[in-house]
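Okay, here's what each chain looks like letter by letter:
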Amino acid sequence: NTSFVELNGRDPDANCFGTFTLYFTDKTGKNLVEEQRTVRYRRSIPKERVILEQLMKGPMEKGHYPTIPENTGILDVTIADRICYITVDNVFSDYALDVADKIPIYSVVNSILSGIEADKVQITVGDDKEGTFREKMPLYRFYEKKEDIVVNGEEKQ
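These figures come from a predicted structure and were not determined experimentally.

With that settled, the discussion passes to the nonpolar core. Counting 40 residues, the largest nonpolar core has I86, F92, I105, V108, V109, I112 and V121 as the members making the most contacts within it. Elements with a contribution of two residues or more to this core: β1 (15-25), β2 (32-42), α2 (47-57), β3 (74-80), β4 (83-88), α4 (102-115) and β5 (120-125). At 7 residues, the largest contribution of residues to this core is made by α4. The contacts of I105, once residues within four sequence positions are left out, are F92, I123, F133, M137, L139 and Y143.

All right, on to empty space enclosed by the protein then. Evaluated as defined, the whole model comprises 1 cavity of 30 Å³ or more. Counted as a void, the largest cavity has a volume near 30 Å³. Contributing to the lining of the largest cavity are L52, M56, I68, T72, I74, V88, F92 and V108.

Per the stated rule, a full pass over the model turns up 4 aromatic pairs. Arranged with centres 5.5 Å apart and planes meeting at 90 degrees, the rings of Y106 and Y143 form a pair that is edge-to-face. Of this pair, Y106 sits in helix α4 while Y143 sits in the segment after β7 (137-138); the two residues are 37 residues apart in sequence, bridging distant segments of the chain. A residue is classified by how much of its surface remains accessible, and Y106, at 8% relative accessible area, is buried. You can call Y143 buried: its relative accessible area is 1%.

Each value, and the rule that gives it
- Residues numbered from 1 in each chain as written.
- Predicted model: local features only at pLDDT ≥ 70, side-chain atom pairs only at ≥ 80, totals over all residues.
- Heavy atoms only, no water.
- Core = buried A, V, L, I, M, F, W, Y, C linked by side-chain atoms within 4.5 Å.
- Buried < 20%, exposed > 50% of the residue type's maximum accessible area, 1.4 Å probe, protein only.
- Helix = DSSP H or I, 4+ residues; strand = E, 2+ residues; numbered from the N terminus.
- Contact = heavy atoms within 4.5 Å.
- 1 Å grid on protein atoms, 1.4 Å probe; cavity = no way out; pocket = protein on both sides within 12 Å on 5 of 7 lines; lining within 4 Å.
- Points joined across faces, edges and corners; volume = space filled by probe spheres on them.
- Phe/Tyr/Trp six-rings, centres within 6.5 Å; stacked < 30°, edge-to-face > 60°.

Encoded structure:
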């Protein structure tokens, strides 16, 4: 049986497992809550894309709520100079969920920065490089991880 060797070989289609910290929102829609998730994925898929796809699938724990639309399209994800550049389609903003303005942005930023070697994230929606997300969150800036909006799952607001 060679399956063990195949899984750990150099084959880009081989599967690997990763445990990621994903950030969803609590029922108030104003805070982030952490959720650990172990995911099996193809080695050839960058971790940052896996994280985004898992965020779009939504939370699996009770009391956690989604932060970005499930059908958001990931147009591009690249990392350069410890910055993760993410381009998503307009679904991200057009069908934004009923949560505080900063929640979708920091859900992505915190989740990405917890799982990869990077310090900042820039999110572009469609080809709008200068726009804002819901008028308050500029899309052209670099976002760093934001801890003060993360609450312990047991806290009641």
